[in-house]
Amino acid sequence: MKAKFQTRREFLKTTAIAAASVPLIGAFSSCAQTAGPDRKIGFALAGLGNLSTHQIAPALQKTKFCRLTGIITGTPEKAEQWKAQYDIPDRNIYNYDTMEKMADNPDIDVVYVVTPNALHAGHTIKAAKAGKHVLCEKPMEASVEKCEQMIDECKKAGRQLAIGYRLHFEPNNLECVRLVREKVFGDLKIIDAEFGFKIGDPTQWRLKKDLAGGGCLMDVGIYALQATRYLSGEEPLEISAITTVTDPVKFSEVEESILWQMKFPSGTVANCSSTYRVGGIDRFNVYAENGWFGLDPAYNYNGIHGRRSDGEQIHFTSIDQFAAEMDDFAQCILNNQPTKVPGEEGLRDVKIMMAIYEAAKTGKTVSLS
Ligand code: NAD
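Let us look at the structure shown here. Predicted, not measured: the structure shown is a model, and the values here were computed from it.

1. A few points about the environment of Ile352
Thinking step 1. Take Ile352: it is sitting in helix α10 (residues 343–362).
Thinking step 2. Exposure remark for Ile352: the relative accessible area of 1% places this residue in the buried category.
Thinking step 3. In this structure, the C-alpha to C-alpha distance between Ile352 and Ser240, residues 112 residues apart in sequence, is 11 Å.

2. As for the pairing of strand β4 (residues 110–113)
Thinking step 1. Of the two faces of β4, both are covered, the one formed by Val110 and Tyr112 as well as the one formed by Val111 and Val113.
Thinking step 2. Direction of pairing for strand β1 (residues 41–46) relative to β4: parallel, over a ladder of four bridges. Each bridged residue has a counterpart across the sheet, and for Phe43 the counterpart in β4 is Val110.
Thinking step 3. Judged from the four bridges that link them, β4 and strand β5 (residues 133–136) form a sheet pairing that is parallel. Within β5, the residue paired with Val110 across the bridge is His133.

3. Some remarks on the sheet that holds strand β13 (residues 306–308)
Thinking step 1. Taken together, the nine strands give an open sheet; going across it, the order is β14-β13-β12-β11-β7-β10-β9-β8-β15, and neighbouring strands pair in mixed fashion. In this open sheet, the two edge strands, each paired with only one partner strand, are β14 (313–314) and β15 (366–367).
Thinking step 2. Relative to strand β9 (residues 257–263), strand β8 (residues 238–244) is paired through seven bridges, and the arrangement is antiparallel. Across the sheet, the residue bridging to Ile239 is Met262, located in β9.
Thinking step 3. Where helix α6 (residues 171–181) meets the sheet, its contacts fall on β7 (188–196), β11 (281–288), β12 (291–295), β13 and β14, and the angle it forms with β12 comes to roughly 160 degrees.
Thinking step 4. Contacting β7, β9, β10 (269–275) and β11, helix α8 (residues 216–232) crosses the sheet at an angle of about 160 degrees to β7.

4. Some words on the packing of α6 against α8
Thinking step 1. Put simply, α6 and α8 touch, their axes get as near as 8 Å, and they point 40 degrees apart. Here α6 is positioned oblique relative to α8, judged by the angle of their axes. Contacts from Asn173, Cys176, Val177, Val180 and Arg181 of α6 reach α8 at Tyr230, Leu231 and Ser232.
Thinking step 2. In terms of residue class, the contact of α6 with α8 is made up of five nonpolar, two polar and one charged.

5. A closer look at the site of the ligand
Thinking step 1. Lining the immediate surroundings of the ligand are 24 residues, of which Asn50, Asn117, Lys138, Arg166 and Trp205 lie closest.
Thinking step 2. At 3.0 Å, a side-chain N or O of Lys78 approaches an oxygen atom of the ligand.
Thinking step 3. Contacts to the ligand include Lys138, whose backbone N or O atom sits 2.8 Å from an oxygen atom.
Thinking step 4. In isolation the ligand has 830 Å² of accessible area, and contact with the protein removes 79% of it.

6. Some details on the packing of α8 against α10
Thinking step 1. Two numbers describe how α8 lies on α10: the axes approach to 10 Å, and their chain directions differ by 110 degrees. Of the possible angle classes, the one that applies to α8 and α10 is roughly perpendicular. Between α8 and α10, the contacting residues are Leu217, Met218, Ile222, Leu225, Gln226 and Arg229 on the first element and Glu345, Arg348, Asp349, Ile352, Met353, Met354, Ile356 and Tyr357 on the second.
Thinking step 2. For the contact of α8 with α10, a count of residues per class yields nine nonpolar, one polar and four charged.

Rules and cut-offs
- Residues numbered from 1 in each chain as written.
- Predicted model: local features only at pLDDT ≥ 70, side-chain atom pairs only at ≥ 80, totals over all residues.
- Heavy atoms only, no water.
- Helix = DSSP H or I, 4+ residues; strand = E, 2+ residues; numbered from the N terminus.
- Buried < 20%, exposed > 50% of the residue type's maximum accessible area, 1.4 Å probe, protein only.
- Pairing = 2+ DSSP bridges.
- Contact = heavy atoms within 4.5 Å.
- Axes fitted to C-alpha atoms, helices over the stretch in contact; angles between N-to-C directions.
- Parallel < 35°, antiparallel > 145°, perpendicular 65-115°, else oblique.
- Nonpolar A, V, L, I, M, F, W, Y, C, P; charged D, E, K, R; others polar.
- Near = heavy atom within 4 Å.
- Polar contact = N/O pair within 3.5 Å; in protein donor to acceptor, adjacent residues only side chain to side chain.
- Areas by Shrake-Rupley, 256 points an atom, 1.4 Å probe, with all protein chains shown as cover.

Keep in mind these values describe shape, not function.
Now the structure itself:
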């Protein structure tokens, strides 16, 4: 079965152009066509934690089509700090209980949901009901049902829902997709994809099942899963998996490490892993009939690069992936075009991750159709 989503096909189509002129990477976004910067799309950030503070807010300052106009936070001190730092007026500051009041606020077009995973649906649905488009961080949610609700509510509200899959805008990853699509090394056969890090603070929400939905798979393994899907352009048919816990105190609720294998309709197989126990694992390798290539690091914010079996390097200049992702979504809204990273794409990953957990739990191969 080939990947279903129209937006995925667009991703692959744009990818083919990517290697030809990488400095124009912004132009490869599916919605980056006609809009000029006459009107900037107003973004409100929901959840002012690490990602919002250190990546998204600074990235917003670099965008062409977006501006930071509002915040949603449960912490009044953060509201004061952000208000001063980003010149946000009081009328654009909300908490999680007042989000419905955004309905009257024309300064805010998009709510970017950057809260713990299992809160994404609640915040997305409140934003949609207030008439706002939503950009939601990965993983989309902690269950298939919640993802479906998010899609339904955004549709009902007539608003777009995009998932924060920043690597769909990253030139080195796009180049690898081109190498597969153009069969530069022949037919794809095997993908290895791995992403993990050593997690710190044992009290953080990432280790709590009710807030995170799962462990390293939901948090960073999702990047390895995404890589296998955008590289192959296919959806997995069969999955087997195992998990392990060597620190049962720290990892009492979520998996510490997970390894999974997938078979795709073409016969391509993928060998993947993710961990919260050790650092330095951030790569994929692609093996085709006549050669191989890969990225290491593959999923970072900066410095992504890789090698090919013919001795060439893969090393396109880093872009701000968050700025590219937000500018693309803004242009989709301005041009009334669909995003290439819609809720359906997030739902697909959550369905597959649930199948990976089922395979690990039962010890049996799980079939997906
Ligand atoms: P974080 O813990 O630093 O921030 C989370 C924010 O949510 C905090 O401001 C916290 O106050 C707020 N929050 C609201 N209700 C909460 C509750 N009930 N419990 C705990 N916190 C609550 O986390 P983060 O690293 O910023 O991650 C936020 C989201 O962004 C997650 O979904 C994560 O997967 C995603 N993320 C994506 C990337 C990426 O590269 N795209 C990178 C990091 C995180």
